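Breakdown of the fold
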Amino acid sequence: MAKKKFKTEVNQLLHIIVHSLYSHSEIFLRELISNASDALDKLKYLTLTDDDFKNIEFDPCIDISFGTDSGKIITLTDEGGKQKIITVSDNGIGMNTRELEENLGTIARSGTQDFLKVLTGDAKKDSNLIGQFGVGFYSSFMVAEKVEVISRKAGEEDAFKWMSDGKGNFEIIDADREQNGTTVILYLNENGQEYFNRWRLEGIIKKYSNHIPFPINLHFEESRFEGEGAGRKEIKEQKVEQVNAASALWRRSKSELKDEDYNEFYKTLGHDMEDPLLHIHTRAEGKMEYNTLFYIPKKAPIDLFWTDFTPGVKLYIKRVFITDGEKELLPLYLRFVRGVIDSEDLPLNISREILQKNRILTSIKNASVKKILSELQNLKKDKEKYDSFYTEFRRLLKEGVYQDFSNRDTLLELVQFKSTKIEGYTGFAEYKDRMKPEQKTIYYITGENEQNLKNSPLLEAYKVKDIEVLIMDDDIDEIVTPSIGKYRDIELISVNRSDAADELKSDEDKESEKKIEPLIKKIKKVLGNDVKDVRASTRLSDSPSCIVADEKDPTIQMQHLLRSMGQSDIPEIKPVLEINPGHEIVRKLVNTENSETIEDVSRLLLEQALLLEGAELKDPSSFVKRLNRVLTRSL
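Throughout what follows, the structure given in this document is the object of discussion. (Residues numbered from 1 in each chain as written. Predicted model: local features only at pLDDT ≥ 70, side-chain atom pairs only at ≥ 80, totals over all residues. Heavy atoms only, no water.)

Section: the overall build of the protein chain
As a reminder, the rule being used: Going along the chain from the N terminus, every DSSP run of H or I of four or more residues is numbered as a helix, and every run of E of two or more is numbered as a strand. Only protein chains enter the accessibility calculation, which uses a 1.4 Å probe. A residue is then buried if its area is under 20% of the maximum for its type, exposed if over 50%, and partly exposed in between. Whether two residues are in contact is decided by their heavy atoms, any of which lying within 4.5 Å being enough. Using a 1.4 Å probe, the Shrake-Rupley method yields the accessible areas, and only the shown protein chains count as cover for residues.
A tally of helices and strands in the protein chain yields 21 helices and 23 strands. A burial count over the protein chain gives 54% of its 635 residues as buried. Excluding contacts between residues fewer than 6 apart, the proportion of contacts in the protein chain whose partners are at least 24 apart in sequence is 72%. Accessible area of the protein chain: about 30,600 Å², with a carbon and sulfur share of 46%.

Have a look at this one:
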């Protein structure tokens, strides 16, 4: 078969891996063992559920050896200048020629370009991303100048060899392999020489792969000596030792596990170099028997907001791997959770369609959600830890508030926001505790930037009256918060809306409104259909004007959000303009009869309010001309 070129994104990825991640090159072995384990999982399932595979002799294991290109297992003292190689072999599902080309020649995910953009050049960060994205095989080129993959698919007779030096091309040719499975052969480069060592390999396996549920056998040569003096002889023996524990960690008792055990299993499961923030281990017995082990990562997975994100939870039935591609094992808003569900009550050959509607799995899912949310509530007692978690995953918890009505009360205790009163995050409960005795409402403001929102004219009256307002600067807040309605019978009101300041209105404010009614009529006439209404404002103290949304209209921010989601056909929503009766500009305008001045200033009052809210002006050139005319008259 002729040589083929890697897809462009693979070339980019290989360049980054080889030139940026060398300081964390040991992850190559973790990734190859993880791939081998996945292949064994897939075949194990088929041998139990598919008649075409039940006759295959299957004694699953992973074999790792190091030697020379002659195939001989050697010690370092016996290398003789030969090319040093490491092999990782399994007897799993295997690949045919088409699968070798698809799996090793391209990255078939729509988020590839986004993935490549977020690679930073920081070896530690990027090594996590490589594994999370499922392209760990390519880490082989950090330690190898050439890689060969010999594979034979289970149930097929033909075997094939994939070969590449990682420099742009690969080749696939016919090969021989006695049984199904895959062997990866690494021809070590200078950086890879340190791994040509029994103890180095054994240390990496125990560090990252101790809990792989299949035996990992390390092949090595050991010397012993017989006799004494001149007759003493060195005898070399080929040995094989199982290095890992090969047990399902999630089925073991919590009392016999240490944090290190949980953490190392997580690193294999989540392809992460860091310890998790939290682990949640549960065993249920009674009407249903199942084990779950969930992890909360410290950092958000790269594909969290991609449509083709990788689910973080694997499903096992009676310790047999079933799937890691089912996105409904947990609700979508908990897609950052990594872990395992292992049920005793589901049939092994359950179909994917039935899986999605299965009563037992639904019960496990519901119980798991409550347990995870409960543990997050406990985590909240440690403000520093919870804030670090919340910074990474706050948008998802807000998704949950909108999606998961049955757990909404718990989620409302978990979501947090910035505030006009305190630094950092605060929740609804803390806001409620700080409310003034006469206050009946939780106030909030939505927009795109925390600092801009804190300086918004809409907050002026609340600052004067020392009333706290929650700052909601995630775009999702525009959708989620109105759906909440109330928190513990306390109504939530957006200060972006026209009726928000009604309860702040005093008798003096009502008197001021009457005085400027003639001016409001003039401004309405000038602005015409550009506004829905013009009103006197009770919320402004320093600014002359602001815009708000009518009670049932979407805010400016909501309109931006809808358009960004592709709804370009939404009708134009007219804002409500509020003017400040006590501001000097408005007071002077009341006493002005000059129609040109009234028109220019009226439009400037609207346009400056629109700019402050992040809206685009329809005619910027007219705005500039108007501003220049007013400036000229004032000089």
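Details of the side chain of S419
Rules: Residues adjacent in sequence count toward polar contacts only when both atoms are side-chain atoms; beyond that, a polar contact is any pair of N or O atoms within 3.5 Å, and within protein one must be able to donate a hydrogen and the other to accept it.
Tracing the chain through its elements places S419 in strand β15 (residues 416–419). Within the structure, S419 has its side chain in polar contact with the side chain of E468 (distance 2.5 Å). Each residue touching S419, except ones within four places of it in the same chain, is listed here: G424, T426, K454, E468, V469, L470 and I471.

Some words on the packing of aromatic side chains
For the record, the criterion: Between 30 and 60 degrees the pair is tilted, below 30 it is stacked and above 60 it is edge-to-face, where a pair is any two Phe, Tyr or Trp rings, Trp via its six-membered ring, whose centres lie within 6.5 Å. Think of it as a cone above the ring: NZ of Lys or CZ of Arg counts as a charge over the ring if it is within 6 Å of the ring centre and within 35 degrees of the ring normal.
Using the criterion set out here, one finds 21 aromatic pairs in the structure. The interplanar angle of 65° and the centroid separation of 5.2 Å between the aromatic rings of F28 and Y195 together place this pair among those described as edge-to-face. Here F28 is found in helix α2 (residues 27–49), whereas its partner Y195 is found in the loop between β7 (181–188) and α6 (198–208), with 167 residues between them in sequence. When sorted by exposure, F28 lands in the same class as Y195, which is buried. When the ring of F137 is compared with that of Y138, the centres are 5.6 Å apart and the planes differ by 70°; the resulting orientation is edge-to-face. Put simply, the rings of W250, F265, Y266, Y295, Y316 and F321 pair up and form one aromatic cluster. Stacked on the ring of F309, the Lys or Arg K327 has its end atom at 4.3 Å from the ring centre.

A word on helix α7 (residues 259–270)
The criterion, for reference: Helix span, as expected, comes to 1.5 Å for every residue beyond the first.
The first and last C-alpha atoms of α7 sit 16 Å apart over 12 residues, in line with the 16 Å expected at 1.5 Å per residue. Of all 12 residues in α7, nine are buried; the element is thus mostly enclosed. Along α7, the residues classified as buried are Y262, N263, E264, F265, Y266, K267, T268, L269 and G270. Directly beyond the C-terminal end of α7, a positive phi value near 50° is found at H271.

Comments concerning the pattern of salt bridges
Where we set the bar: Any carboxyl oxygen of Asp or Glu that lies within 4 Å of a side-chain nitrogen of Lys or Arg is treated as forming a salt bridge with it.
Across all of its chains, the model carries 52 salt bridges by this definition. A salt bridge links E328 to K365; the shortest N-O distance between them is 3.7 Å. With E328 in the loop between β13 (320–323) and β14 (338–343) and K365 in helix α9 (residues 359–379), this residue pair connects regions lying 37 residues apart in the sequence. Taking relative accessible area as the criterion, E328 reaches 38% and is therefore assigned partly exposed. Between D466 and K436 there is a salt bridge, with its nearest N and O atoms 3.5 Å apart. Taken together, the residues span a long stretch of sequence, with D466 in the loop between α14 (460–464) and β18 (469–472) and K436 in the loop between α12 (428–434) and β17 (441–446) at a distance of 30 residues.

Examining the environment of C546
Turning to its location among the elements, C546 is positioned in strand β22 (residues 545–548). For C546, a relative accessible area of 3% translates into the label buried. The spacing of C546 and V576 is 30 residues in sequence and 8.4 Å in space, taken between C-alpha atoms.

Quick word on the sheet that holds strand β3 (residues 84–90)
To keep it simple, the criterion reads: The rule for pairing is simple: two strands pair if DSSP sees at least two bridges between them.
Read across the sheet, nine strands follow the order β1-β6-β5-β4-β7-β3-β2-β8-β9 without closing on themselves; strand pairing throughout is mixed. Whereas interior strands pair on both sides, the edge strands pair on one side only; in this sheet they are β1 (4–5) and β9 (233–242). Alignment of strand β2 (residues 62–68) against strand β8 (residues 216–226), held across four bridges, turns out to be parallel. Bridged to S65 within β8 is H219.

Some remarks on the sheet that holds strand β11 (residues 290–296)
Short version of the rule: Only the stretch in contact is used when fitting a helix axis, every axis being a line fitted to C-alpha atoms; angles between N-to-C directions are given from 0 to 180 degrees.
Spatially, β10-β11-β14-β12-β13 is the arrangement adopted by the five strands of the open sheet, whose pairing is mixed. Each edge of the open sheet is held by one strand with a lone partner, namely β10 (278–284) and β13. Averaged over all neighbouring strand pairs, the angle between strand axes comes to 20°, with direction disregarded. As defined by bridge partners, β11 adjoins β14 across six bridges and the pair is classed as antiparallel. Within the sheet, the bridge partner assigned to N291 lies in β14 and is D342. Across the sheet, α9 lies against β10, β11, β12 (313–317) and β14, angled at about 40° from β11, the strand it touches most.

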